[in-house]
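Descriptive structure summary
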Amino acid sequence: MNLKQLETFVWVADLGSFRLAAKQLNTTQPNVSARISALENSLGVVTMERDAGSVRLTAKGVELLSHARRVLDSVSNLIEAMDTTDLFDGVVRLGVTEMVANTWLNTFLKQFRSLYPNTSLELSVDLAANLERELHDYNIDLAFQSGPFTHQTTGCLDLGDFPMIWVAAPENKLTEINQVSAAQLTQNPIITHAKNTVAFSEISNHFAAGPNSSVRLIPSSNLAVSVQMVEDGYGAGALLKPLVDASIDAGRLKKIDYSWVPSKLSFFARYHENRASAVVRRAAVLGQSISKAFEQRVKES
């Protein structure tokens, strides 16, 4: 019996699938099957039964599961206590939204690599709704994303709140008007986040409730492209402040004095606490520390 076999057993038990466990462990399904067989042979028990692609723990398997978790947690705690985090290996599958990718992610990646040099990161950048689905289906281990959420997770750390802001290119006359009206603003196309986001929904509802419901909304799933479109004069933009601060400082964008803005976006580090490895849990804490420092800088700017 070895730790790799115990780790594989826990993942098969949690995911209910040899195929999903192989994907999580970055190995092949035959390797997973071989590890389970070796574990069962060494213990002299049957831990699980396969039936039409699904996996069901036997009574002995259920008994072993809690012990296996404690062994793996104890090993992780020992490594951490001895300050030998380079002994952690494996893969952490991280999903982030574009705001994170374009602001503090690089700092996180550098610090994570320094702390866990032998742990690989698989990174995906996607919409928050897609990341939530991937996390729920156990296709990623950790998500840095904005809410709200349809599915709750047992691990959730606050990453801070980030405001929205109205901006336009400097040559747009809106930037010269004090207290821009809805009628003046909607003479321009409104560039904003993708259709299935909170920001888009709030903007749609805001202008639909006003006297001018013919607003032209231009949603985009790529926020960097949205910022570039506003800079190029395609319209006014309601975008996350951290994504446009550099453009404002450089003079490529100016703020619009409009009385209403969409709600702040709240971000969280989300994972499955009962199934997450020690590295995943510590990666979430690291992300929280970096994001909170970034949030403070945004407030002060």
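Reading the values: the criteria
- Residues numbered from 1 in each chain as written.
- Predicted model: local features only at pLDDT ≥ 70, side-chain atom pairs only at ≥ 80, totals over all residues.
- Heavy atoms only, no water.
- Helix = DSSP H or I, 4+ residues; strand = E, 2+ residues; numbered from the N terminus.
- Buried < 20%, exposed > 50% of the residue type's maximum accessible area, 1.4 Å probe, protein only.
- Contact = heavy atoms within 4.5 Å.
- Areas by Shrake-Rupley, 256 points an atom, 1.4 Å probe, with all protein chains shown as cover.
- Lys, Arg positive; Asp, Glu negative; His and termini not counted.
- Charge placed at Lys NZ, Arg CZ, Asp CG, Glu CD.
- Salt bridge = Lys/Arg side-chain N within 4 Å of Asp/Glu carboxyl O.
- Expected span 1.5 Å × (residues − 1).
- Pairing = 2+ DSSP bridges.
- Phe/Tyr/Trp six-rings, centres within 6.5 Å; stacked < 30°, edge-to-face > 60°.
- Lys NZ or Arg CZ within 6 Å of the ring centre and 35° of its normal.

Our focus in this paragraph is the overall build of the chain. Looking only at helices and strands, the chain has twelve helices and twelve strands in total. Judged by the C-alpha coordinates and their principal axes, the chain covers about 80 × 45 × 25 Å. Considering the chain as a whole, with its 301 residues, one finds that 46% of them fall into the buried category. Taking as baseline every contact in the chain between residues at least 6 positions apart, the subset at least 24 positions apart corresponds to 76%. Here the chain displays about 14800 Å² of accessible surface, and carbon together with sulfur accounts for 49% of that area. Distance between charge centroids for the chain: 1 Å, based on 28 positive and 31 negative side chains.

Once that is clear, we can look at helix α7 (residues 128-136). Considered for burial, the residues of α7 that qualify are Ala128, Asn130, Leu131, Glu132 and Leu135. Its buried side turned inward, α7 meets β3 (90-96), β4 (119-125), β5 (142-146) and β12 (265-271). Tyr138 sits one or two positions beyond α7 and adopts a positive phi of about 65°.

Right, let's talk about unusual backbone geometry for a bit. The omega torsion across Gly147 and Pro148 is 0°, close enough to zero to call that bond cis. As for its placement among the helices and strands, Pro148 is situated in the loop between β5 and β6 (155-162). Positive phi, close to 65°, is recorded for Tyr138, a residue that is not glycine. By the secondary structure assignment, Tyr138 is in the loop between α7 and β5.

Before going further, it helps to examine the pattern of salt bridges. Counted under the stated rule, the structure contains eleven salt bridges. Of the charged contacts, one joins Lys299 and Glu295 as a salt bridge, the two residues approaching to 3.7 Å between their closest N and O atoms. Of this pair, Lys299 and Glu295 both sit in helix α12 (residues 278-300), four residues apart, roughly one helical turn. A relative accessible area of 8% places Glu295 in the buried class. Each of Asp158, Lys292, Glu295 and Lys299 takes part in a single network of salt bridges with overlapping partners.

With that settled, the discussion passes to α12. Given 3.6 residues per turn, any residue in an α-helix points the same way as the ones three and four places further on. Taking 1.5 Å per residue, 23 residues should reach 33 Å; α12 reaches 34 Å between its end C-alpha atoms and fits that length. Along α12, the residues classified as buried are Ala278, Val279, Val280, Ala283, Ala284, Leu286, Gly287, Ile290, Ser291, Phe294, Glu295 and Val298.

This paragraph deals with the pairing of strand β8 (residues 190-193). Looking at chain direction, β8 and strand β9 (residues 217-220) are connected through four bridges and run parallel. Pairing of Ile190 across the sheet is with Leu217, part of β9.

With that settled, the discussion passes to the environment of Leu3. Here Leu3 is to be found in helix α1 (residues 3-15). Residues Leu3 and Ala68, spaced 65 residues apart in sequence, show a C-alpha to C-alpha distance of 8.9 Å. Once residues lying within four places of it in the same chain are set aside, the contact partners of Leu3 are Val71, Leu72 and Val75.

Taken as a whole and judged by the stated rule, the model has ten aromatic pairs. With a centroid separation of 5.7 Å and 85° between ring planes, the pair formed by Trp166 and Tyr258 is classed as edge-to-face. Of the two residues, Trp166 sits in strand β7 (residues 164-168) while Tyr258 sits in the loop between β11 (254-255) and β12, which places them 92 residues apart along the sequence. Per residue, the accessibility class of Trp166 equals that of Tyr258, and both read buried. In this structure an aromatic cluster arises from ring pairing among Trp104, Phe108, Phe112, Tyr116 and Phe144. The cationic tip of Arg50 hangs over the ring face of Phe18; the distance from NZ or CZ to the ring centre is 3.9 Å. Stacked on the ring of Phe149, the Lys or Arg Arg270 has its end atom at 3.7 Å from the ring centre.

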